Amino acid sequence: METIFWLILFVVLLIIEIFTMGLTTVWFAGGALVAFVLAFAGLGLPVQIIVFLLASILLLVLTRPIAIQFFNKERQKTNADRLIGQKAVVLETIDTLHSTGRVEVNGMEWAAKVEDVTAVIEAGTVVSIEGIQGVKLIVKKEEA
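Rules used throughout
- Residues numbered from 1 in each chain as written.
- Predicted model: local features only at pLDDT ≥ 70, side-chain atom pairs only at ≥ 80, totals over all residues.
- Heavy atoms only, no water.
- Patch = residues over 30% accessible without salt bridge, like charges linked within 9 Å, V, L, I, M, F, W, Y side chains within 5 Å.
- Areas by Shrake-Rupley, 256 points an atom, 1.4 Å probe, with all protein chains shown as cover.
- Salt bridge = Lys/Arg side-chain N within 4 Å of Asp/Glu carboxyl O.
- Helix = DSSP H or I, 4+ residues; strand = E, 2+ residues; numbered from the N terminus.
- Pairing = 2+ DSSP bridges.
- Phe/Tyr/Trp six-rings, centres within 6.5 Å; stacked < 30°, edge-to-face > 60°.
- Buried < 20%, exposed > 50% of the residue type's maximum accessible area, 1.4 Å probe, protein only.

1. A closer look at a nonpolar patch on the surface
Link 1 in the chain: A cluster of nonpolar residues, Leu45, Ile49, Leu53, Ile57, Leu58, Val61 and Leu62, forms a patch on the protein surface that exposes about 630 Å² of accessible area.
Link 2 in the chain: Turning to its location among the elements, Val61 is positioned in helix H3 (residues 45-71).

Now the structure itself:
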């Protein structure tokens, strides 16, 4: 019965890893595989559980840093937070009071606004990105 449990746990953890690709459950899948072999060999459940935990932790500690370095070699941040601090060019005059304004940063166009609702920034101006609010970039005019 334990062999089936460990085999099912192994498969479930691998499926989770395949869908998330987060390098989180694969280490426990390895531990489940080791426990499966021990259960198949007839060792008791306490030994299986202890070895599952030890194998999972050892795999996590010893191989995760290497795997992250190998798999994340060319990965770039995809979240918008990486835009904060960058420069952008105003494409459409930014007037927060009238809800207008677009900027271009890294070849992409974004809606933009300024903190001071009375401020207006003309098209062609270089601005720095101060933050993000919803789907709009909060920008500030670059000091000359």
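2. Overview of the pairing of strand E3 (residues 108-114)
Link 1 in the chain: Pairing geometry for strand E2 (residues 100-105) and E3, over 4 bridges, is antiparallel. Within E3, the residue paired with Val105 across the bridge is Met108.
Link 2 in the chain: Where E2 folds back on E3, the antiparallel hairpin that results is connected by 2 residues, among which Asn106 adopts a positive phi of roughly 55 degrees.
Link 3 in the chain: In this sheet, strand E6 (residues 136-141) lies alongside E3 in parallel orientation, the contact comprising 4 bridges.

3. Quick notes on the packing of aromatic side chains
Link 1 in the chain: This model, assessed by the stated rule, comprises 3 aromatic pairs.
Link 2 in the chain: Centre to centre, the rings of Phe5 and Trp6 are 5.1 Å apart; their planes meet at 70 degrees, and the pair counts as edge-to-face.
Link 3 in the chain: Residue Phe5 is classed as partly exposed on the basis of its relative accessible area of 47%.
Link 4 in the chain: Accessibility expressed as a relative area gives 3% for Trp6, which makes it buried.
Link 5 in the chain: Plain terms: the ring middles of Trp6 and Phe52 are 5.1 Å apart, the flat faces sit at 40 degrees to each other, and that makes the pair tilted.

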